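# Inside the fold
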Amino acid sequence: ALALTCDLAKELLRYDMSQIDEDLFKEIYQEIVKRSERHRIGEYYTPEWLVELILKEALNIWFERNKDKDAPRILDPACGSGTFLCNAIHMIKDILRGKGKEPAEILDFILNGIVGVDINPLAVTIARANYLIALGELLRLGKSIVIPIYVSDSIRFPDINTVYSYTQNKVVQVYEISVNKYKIQIPSEIANHRYRLGQVLSRLREALKIYRERGNKSEAKAVFNRKTSDVSSQAELEILNMTLDTLFRLVDKQLNEIWVYMLNNLYAPIALKEAKFDMLTSNPPWIAMRYIENKNYQDWVKEEVLSYGLLTSDQVKLFTHMEIATLFFDKSADLYLSQNGVIAFVMPRSILTGAFHHASFRQFNKPKMKLIKILDCEDVSPLFNVPSCALIAVLGEETRYPVLATRYKGQLERKNCKLNEATQQLKAEDYMYEPPTIGLKKSYY
């Protein structure tokens, strides 16, 4: 690993880092992860122009409903290499500057309000690098920052037990996970608060470093308690000390190396669910049920498809055709979107067609959403291997058809161009979309 890091560092010396933008790291990611592997997990690379277009449309819709607010808090629950996040950072910087906000205020808003999650650790590493580049001049403030991008499955929460602990004459709700048969506990009030959780995990890391280097538990604990008392109550601190003791035991058995890192990612979706966001933007996984290789995950998806009313139990034969992007759309909105918030996702265009297994999705009943606009990209090339569209909806209102759609047509000179280039090469025309009528008559075949 050290040799690989050294070789990578030597290669990077060839580049003028002051001139590097997010495109370089996206290209690196595309080269490292083979197209066949990205297809296997339903990952499709989203070009810049489409991300810019979706964000601008979504921001316009959000500001129409929130004229008194400075900017929306944005989550990408399947962020990949960070294209939506980086473009959102650039746009939000411009919006907040235009409203007279100071650089420190802008940086705080972005770090707390533009957040990403992805299940692919490599994609998250690239996204974090891109996030830093997008922050640009704000980094000159010299503030210590934590990049808010997490490795996790944003729609399937980890196996965490909720238990109650009695300490300091108080009952404290605790989230508990098992590590090599050891129990690690984090008070739920801390786990649900991203800033407090980040501070606690940082101090756990520091205490473990002291213990590994000096072998002195008392000194490590004293440093942890002194630095953690400002973000936890006495009852919470006592529980955290028990967790620290467990981590000490894992150090002794040489089993602890990644667990503080893992805790951050395990608890992240829970904290994000509690926080809620004004806007969700993403290109979620596109993969039909029949291509999901993990049987346990496939079974879980089936349960969720039924739970969200995307199919009924008597439509079991349609499960193999179900597109996980539709579940991702509904469940993400349900988990993370605030009331009247805007969701804008890139989707396979098949969800607009007469396919029976998408009929219930287009009703937007759970959670109740109003489809506001469709961006129809079927006739744009090059784009994806399958026809695509983008759906923009608002949580808490009812969908009524027809819905305004804009059809884009044309041949782009290059796939990853900027929006100002794409608009010169594409034609746009509006039409009113009405879902096709689906015959319910059974086939003799």
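This report concerns the structure included in the present document. (Residues numbered from 1 in each chain as written. Predicted model: local features only at pLDDT ≥ 70, side-chain atom pairs only at ≥ 80, totals over all residues. Heavy atoms only, no water.)

### Observations concerning the nonpolar core
In plain terms, the rule: Definition used in this section: a nonpolar core is a set of buried Ala, Val, Leu, Ile, Met, Phe, Trp, Tyr and Cys residues joined via side-chain atoms within 4.5 Å. Only protein chains enter the accessibility calculation, which uses a 1.4 Å probe; a residue is then buried when its area is under 20% of its type maximum, exposed when over 50%, and partly exposed in between. Secondary structure follows DSSP: runs of H or I at least 4 residues long count as helices, runs of E at least 2 residues long count as strands, and numbering of each begins at the N terminus. Contacts between residues were defined by any pair of non-hydrogen atoms, one from each residue, lying within 4.5 Å.
Trp-49, Phe-329 and Leu-391 are the most contacted members of the largest nonpolar core, which totals 104 residues. With ten residues, the top contributor of residues to this core is helix α4 (residues 48-65). Ignoring any residue separated from it by four or fewer positions in sequence, one finds Phe-329 in contact with Ile-343, Phe-345, Met-347, Phe-361, Phe-364, Met-369, Leu-391 and Ala-393. With 32 residues, the next largest nonpolar core counts Ile-184, Leu-240, Phe-248 and Ile-270 among its residues.

### Describing helix α11 (residues 234-252)
Note the following rule: The span expected for a helix works out to 1.5 Å for each residue beyond the first.
With 19 residues, α11 ought to run about 27 Å at 1.5 Å a step, and its terminal C-alpha atoms sit 27 Å apart, in line with that. Gln-254 sits one or two residues past α11 and shows a positive phi near 55 degrees.

### Remarks on a nonpolar patch on the surface
Basically, it comes down to this: Exposure above 30% relative accessible area and no salt bridge define the residues that can form patches, which grow by joining like charges within 9 Å and nonpolar side chains of Val, Leu, Ile, Met, Phe, Trp and Tyr within 5 Å. Accessible surface area values rest on a Shrake-Rupley calculation with a 1.4 Å probe, where residue burial reflects the displayed protein chains alone. In what follows, salt bridge is the name for a side-chain nitrogen of Lys or Arg lying within 4 Å of a carboxyl oxygen of Asp or Glu.
Where nonpolar side chains cluster on the molecular surface, the patch consists of Tyr-164, Tyr-166 and Val-171 and spans about 410 Å² of accessible area. With respect to the secondary-structure elements, Val-171 resides in strand β5 (residues 170-179). A relative accessible area of 59% means that Val-171 is categorised as exposed.

### Some words on the side chain of Asp-153
We apply this condition: Charge counting treats Lys and Arg as positive and Asp and Glu as negative, with His and both chain ends excluded. For the purposes of these results, a polar contact is taken to be a pair of N or O atoms within 3.5 Å, where, inside protein, one atom must be able to donate a hydrogen and its partner to accept one; residues adjacent in sequence count only when each atom of the pair is a side-chain atom.
As for its placement among the helices and strands, Asp-153 is situated in the loop between β3 (149-151) and β4 (161-167). Despite being buried, Asp-153 has no salt bridge partner; Arg-156 is the closest side chain of opposite charge, sitting 5.9 Å away. Within the local environment of Asp-153, its side chain forms a polar contact with the backbone nitrogen of Ile-155, the two atoms lying 3.1 Å apart. Reaching out from Asp-153, the side chain makes a polar contact with the backbone nitrogen of Arg-156 at a distance of 3.2 Å.

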